[in-house]
Amino acid sequence: MRFKQNIEADDFKVKMLRNVQVSPDGEQVVYEALGHLYQRELDNDAVERLTDREGAWELYPSYSRDGSKLVYVTWDDQEQGQIIVRDLRSGNEQVLATGKGKFIEPVFSPDGESVVYRKVRGGYITPDTYGVNPGIYHLALEADAEPRLISENGFQPQFGQRNDRVYLM
């Protein structure tokens, strides 16, 4: 069977949402589609783009527990990745001091004062440049903080109730 596809349309319905995250208060949702982050209030159908960034993909959004901040990663083939913390009230963003690399799965600590994330190697369709020392890292959000490797193995880091325990798959 074949179905006619209009691939030149300016507008179309997105049918695949990635990394959907519901806010802690249950009133909005943020997700990635076509390489950008979007947010939507759950009581209406209005969708808006979260950022105006061009030239880099935006991936893996995650809310702080109080819902005031969002952490996500960017990817650009030349510039590599960055981890961004966005204040959802003001729209101000902080680029975390991770150095260049490929970063995924960032999450806030329960108190919102640090993040853990996974650094991955390249390969397959991306070069392995900046792929040394992969693993799970912890980074405090205070000035001059350095990333600290907490495990060479595991994925999908997450916190329980306390700030001093990170659980991994």
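Preceding block: the structure.
First things first, this report covers the structure right here in the doc. Everything numeric here is computed off the predicted structure, so don't read it as measured data.

### Side note on the packing of aromatic side chains
Geometry of an aromatic ring pair is reported as the spacing of the ring centres plus the angle between the planes.
Then step 1. Following the criterion strictly, the structure yields three aromatic pairs and no others.
Then step 2. With 6.0 Å between their ring centres and 25 degrees between their planes, Tyr31 and Tyr38 make a pair best called stacked.
Then step 3. Residue class for Tyr31 comes out buried when judged on its relative accessible area of 10%.
Then step 4. Aromatic side chains Tyr117 and Tyr137 sit 5.7 Å apart centroid to centroid with 15 degrees between the ring planes, which places their arrangement in the stacked category.

### A short note on the sheet that holds strand S1 (residues 18-22)
Then step 1. Taken together, the four strands give an open sheet; going across it, the order is S1-S2-S3-S4, and neighbouring strands pair in antiparallel fashion. In this open sheet, the two edge strands, each paired with only one partner strand, are S1 and strand S4 (47-49). For this sheet the average axis-to-axis angle between neighbouring strands, irrespective of direction, equals 25 degrees.
Then step 2. Sheet topology note: the strand S3 (residues 36-41)/S4 ladder contains three bridges and is antiparallel.

### Notes on the nonpolar core
Then step 1. Within the largest apolar cluster, 15 residues are counted, with the highest numbers of intra-cluster contacts made by Ile83, Leu96, Val115 and Tyr117.
Then step 2. Those elements that place two or more of their residues in this core are strand S6 (69-76), strand S7 (80-87), strand S9 (102-108), strand S10 (114-120) and strand S11 (135-140).
Then step 3. A per-element tally of this core places S6 first, with three residues.
Then step 4. Apart from the residues lying within four places of it in its own chain, the contact partners of Val115 are Val71, Leu96, Val107, Phe108, Tyr137, His138, Leu139 and Leu141.
Then step 5. Val30, Leu50, Tyr63 and Tyr72 belong to the second largest nonpolar core, which has seven residues in total.

### A few points about the environment of Val120
Then step 1. Mapped onto the secondary structure, Val120 falls in strand S10.
Then step 2. Judged by its relative accessible area of 18%, Val120 is buried.
Then step 3. Val120 sits 73 residues away from Val47 along the chain, and the two C-alpha atoms are 31 Å apart.
Then step 4. Excluding residues that lie within four positions of it along the chain, Val120 makes contacts with Lys102, Ile104, Gly131 and Pro134.

### Regarding the pairing of S10
Then step 1. Of all seven residues that make up S10, six are buried, and the element is covered over most of its length.
Then step 2. The sheet contact formed by S9 and S10 spans five bridges and is antiparallel. Across the sheet, the residue bridging to Ile104 is Arg118, located in S10.
Then step 3. Hairpin geometry of S9 and S10 is characterised by an intervening segment of five residues between the two adjacent antiparallel strands and by a positive phi of about 75 degrees at Gly112.

### Section: a negative patch on the surface
Then step 1. A cluster of acidic side chains, namely Asp25, Glu27, Glu41, Asp43 and Glu48, defines a negative patch on the protein surface.
Then step 2. As for its placement among the helices and strands, Asp25 is situated in the loop between S1 and strand S2 (28-33).

### What to know about the environment of Pro110
Then step 1. Within the secondary structure, Pro110 sits in the loop between S9 and S10.
Then step 2. A relative accessible area of 19% places Pro110 in the buried class.
Then step 3. For Pro110 and Asn6, which are 104 residues apart along the polypeptide, the C-alpha to C-alpha distance reads 46 Å.
Then step 4. With near-sequence residues (within four places) excluded, Pro110 lies in contact with Arg65, Phe159, Gly160, Gln161, Arg162 and Asn163.

About the thresholds
- Residues numbered from 1 in each chain as written.
- Predicted model: local features only at pLDDT ≥ 70, side-chain atom pairs only at ≥ 80, totals over all residues.
- Heavy atoms only, no water.
- Phe/Tyr/Trp six-rings, centres within 6.5 Å; stacked < 30°, edge-to-face > 60°.
- Buried < 20%, exposed > 50% of the residue type's maximum accessible area, 1.4 Å probe, protein only.
- Pairing = 2+ DSSP bridges.
- Helix = DSSP H or I, 4+ residues; strand = E, 2+ residues; numbered from the N terminus.
- Axes fitted to C-alpha atoms, helices over the stretch in contact; angles between N-to-C directions.
- Core = buried A, V, L, I, M, F, W, Y, C linked by side-chain atoms within 4.5 Å.
- Contact = heavy atoms within 4.5 Å.
- Patch = residues over 30% accessible without salt bridge, like charges linked within 9 Å, V, L, I, M, F, W, Y side chains within 5 Å.
- Areas by Shrake-Rupley, 256 points an atom, 1.4 Å probe, with all protein chains shown as cover.
- Salt bridge = Lys/Arg side-chain N within 4 Å of Asp/Glu carboxyl O.
- Lys, Arg positive; Asp, Glu negative; His and termini not counted.
- Charge placed at Lys NZ, Arg CZ, Asp CG, Glu CD.

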